[in-house]
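Read off the chains here:
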Amino acid sequence: MSNSAPLIVRLLASSVSVANRAGKIVRDVMSKGELGIVEKGKDDYQTEADRSAQKCIIASLSAQYPKLCIIGEEDNPDNETEVPSDWLIVDADKEVLLLNCPDSLLGVKEEDIVVWVDPLDGTAEYTQGALMLKRNPWERGKMYLMHPFISMKWYLSLLQSNYGFLEHVTVLIGIAVNEKPVAGVIHQPYYKSIVDGEKKLGRTIWGLQEAGVGGFSSAAPPDSLIITTTRSHSNPLVEKALQVMEASQILRVGGAGYKVLQLLEGQASVYVFASPGCKKWDTCGPEAILSAAGGKLTDIVGNFYKYGASESRPNKMGVLAAVNDDLHKYAISKIPQELKEALANK
Ligand SMILES: Nc1ncnc2c1ncn2[C@@H]1O[C@H](COP(=O)(O)O)[C@@H](OP(=O)(O)O)[C@H]1O
Ligand SMILES: [Mg+2]
């Protein structure tokens, strides 16, 4: 790796390579078919893929940058067993290494950085996607009966989609300096494309403040207001916030990373989630990329979240993100006072 690049640029380039490897782990666990689902709390699950991908990311980054503070979603990803050597990634993305580091980040030291890791964003969609990969209807039925949290309504909607919701799954790495997200990675393990005539699975999107974004084709926002929101964690507050936006369309998809991707690619213009379930690892990486692309991510009142190591993990006041300042202002202006108070009192 080029050691001459500034620390933030090197760390982002390493994060891109590590996220690619973590994405392969996520696919491999799915192919083996043993997801090892553990219930962490209400509507909150963890799989073998979450645990292994986090081990790969933390072990790889901390081996190269030992003074970093790295905070991952999974508290206890089994520190007893050794990390397989092919999970220890030392490569760095060559295109990212060439980025111009903004002056304000040139002097940053490892001790100044907090890295927030969500090894598998969209766990609900991942576990439901597993059902769809079972081609044999008998196997699929058996898996449905054994699944801990899938309702008949969801199962039927899954049968109607041809690939489940695996495209919603992402690996997220966010890099914060002075409590602010400055760089990030969203890796999408199940994104399908054709490269040089060959089918390719997976892509990695990145962004660095004042330097740029890459890994996707950006597109202008839709002409009418299209909102993206949760498909698996809705509640009356979330629905109230959606109702007041007067949107032409509401997309219900999984994962904070995927929703921000929809903003970046012009499929939606605003992401609204008026509920406390999202955490700092869900938003740090996506926020960094979105703001590097000219967008904005805050709570539903319009305040930025802080990403220092001692900050509480939950994004208590929800998430409101938009592709530009005007749409962000519009969405904030629509949130009624009672809703803000209801969330503050939760
Ligand atoms: N009520 C809730 N309980 C637990 N996690 C929640 C939640 N609401 C949102 N989240 C988390 O926020 C992320 C985005 O949620 P959603 O897909 O509903 O928009 C998901 O991350 P994970 O999939 O990494 O756990 C999800 O678990
Ligand atoms: Mg998440």
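Bear in mind that the values here come from a model prediction, so they are computed numbers and not experimental data. (Residues numbered from 1 in each chain as written. Chains lettered and ligands numbered in written order. Predicted model: local features only at pLDDT ≥ 70, side-chain atom pairs only at ≥ 80, totals over all residues. Heavy atoms only, no water.)

1. Things to note about helix H7 (residues 236-244)
Here comes step 1: The complete set of buried residues in H7 reads Leu 237, Val 238, Ala 241, Leu 242 and Val 244.
Here comes step 2: Tucked inside the fold, the buried residues of H7 contact strand S9 (226-230), strand S10 (249-253), strand S11 (270-273), helix H10 (325-334) and helix H11 (337-344).
Here comes step 3: The opening residue of H7 is Asn 235, an N-cap whose side-chain oxygen sits 3.0 Å from the backbone nitrogen of Leu 237.
Here comes step 4: Positive phi shows up at Glu 246, right after H7, with a value of about 55 degrees. (Buried < 20%, exposed > 50% of the residue type's maximum accessible area, 1.4 Å probe, protein only. Helix = DSSP H or I, 4+ residues; strand = E, 2+ residues; numbered from the N terminus. Contact = heavy atoms within 4.5 Å. Polar contact = N/O pair within 3.5 Å; in protein donor to acceptor, adjacent residues only side chain to side chain.)

2. Considerations on the coordination of the magnesium ion (ligand 2)
Here comes step 1: Within the first shell, the magnesium ion (ligand 2) binds the protein through Asp 118 (OD), Asp 121 (OD) and Asp 282 (OD), at distances of 1.9 to 2.2 Å.
Here comes step 2: Considered as a linear motif, the donors of the magnesium ion (ligand 2) on their single chain read D-x2-D-x160-D. Separated by 164 residues along the polypeptide, Asp 118 in strand S4 (residues 113-121) and Asp 282 in helix H9 (residues 280-292) bring together distant segments of the chain.
Here comes step 3: Since its relative accessible area comes to 0%, Asp 118 is described here as buried.
Here comes step 4: A relative accessible area of 9% means that Asp 282 is categorised as buried. (Donors = N, O, S within 2.8 Å, 3.2 Å for Na, K, Ca; no water.)

3. Brief notes about the pattern of salt bridges
Here comes step 1: Across all of its chains, the model carries 11 salt bridges by this definition.
Here comes step 2: Across the salt bridge formed by Lys 109 and Asp 112, the nearest N and O atoms sit 3.9 Å from each other.
Here comes step 3: Residue classification places Lys 109 among the partly exposed residues on the basis of a relative accessible area of 47%.
Here comes step 4: The exposure class assigned to Asp 112 is partly exposed, which follows from its relative accessible area of 31%.
Here comes step 5: Its salt-bridge partner being Lys 334, residue Glu 246 comes within 2.7 Å of it at the nearest N-O pair. With Glu 246 in the loop between H7 and S10 and Lys 334 in helix H10, this pair connects stretches of sequence that are 88 residues apart.
Here comes step 6: Where salt bridges share partners, they join Lys 40, Glu 73 and Glu 74 into one cluster. (Salt bridge = Lys/Arg side-chain N within 4 Å of Asp/Glu carboxyl O.)

4. What to know about the packing of aromatic side chains
Here comes step 1: If you walk through the whole model with that rule in mind, you get two aromatic pairs.
Here comes step 2: Residues Trp 116 and Trp 281 carry aromatic rings whose centres are separated by 6.4 Å and whose planes lie at 40 degrees to one another, so their mutual orientation is tilted. Here Trp 116, found in strand S4, pairs with Trp 281, found in helix H9; they are 165 residues apart in sequence, far enough to count as distant. Of the two residues examined, Trp 116 and Trp 281, each falls in the buried class.
Here comes step 3: The rings of Trp 116, Trp 281 and Tyr 307 are connected pair by pair, giving a single aromatic cluster.
Here comes step 4: Taking the ring centre of Tyr 191 as reference, the NZ or CZ of Arg 203 above it sits at 3.7 Å. (Phe/Tyr/Trp six-rings, centres within 6.5 Å; stacked < 30°, edge-to-face > 60°. Lys NZ or Arg CZ within 6 Å of the ring centre and 35° of its normal.)

5. As for the site of ligand 1
Here comes step 1: Taken together, 21 residues are adjacent to ligand 1, and Gly 122, Thr 230, His 233, Gly 255 and Lys 259 come closest.
Here comes step 2: One of the side-chain N or O atoms of Asp 121 is found 3.1 Å from an oxygen atom in ligand 1.
Here comes step 3: In the environment of ligand 1, an oxygen atom lies 3.2 Å from a nitrogen or oxygen atom belonging to the side chain of Asp 282.
Here comes step 4: Considering ligand 1 on its own, with 540 Å² of exposed area, one finds that the protein chains cover 91% of that surface.
Here comes step 5: Broken down by secondary-structure element, the contributors of at least two residues to the shell around ligand 1 are S4 and helix H8 (256-264).
Here comes step 6: With three residues, the top contributor of residues to the shell around ligand 1 is S4.
Here comes step 7: Residue classes in the shell around ligand 1 are distributed as four nonpolar, eight polar and nine charged. (Near = heavy atom within 4 Å. Areas by Shrake-Rupley, 256 points an atom, 1.4 Å probe, with all protein chains shown as cover. Nonpolar A, V, L, I, M, F, W, Y, C, P; charged D, E, K, R; others polar.)

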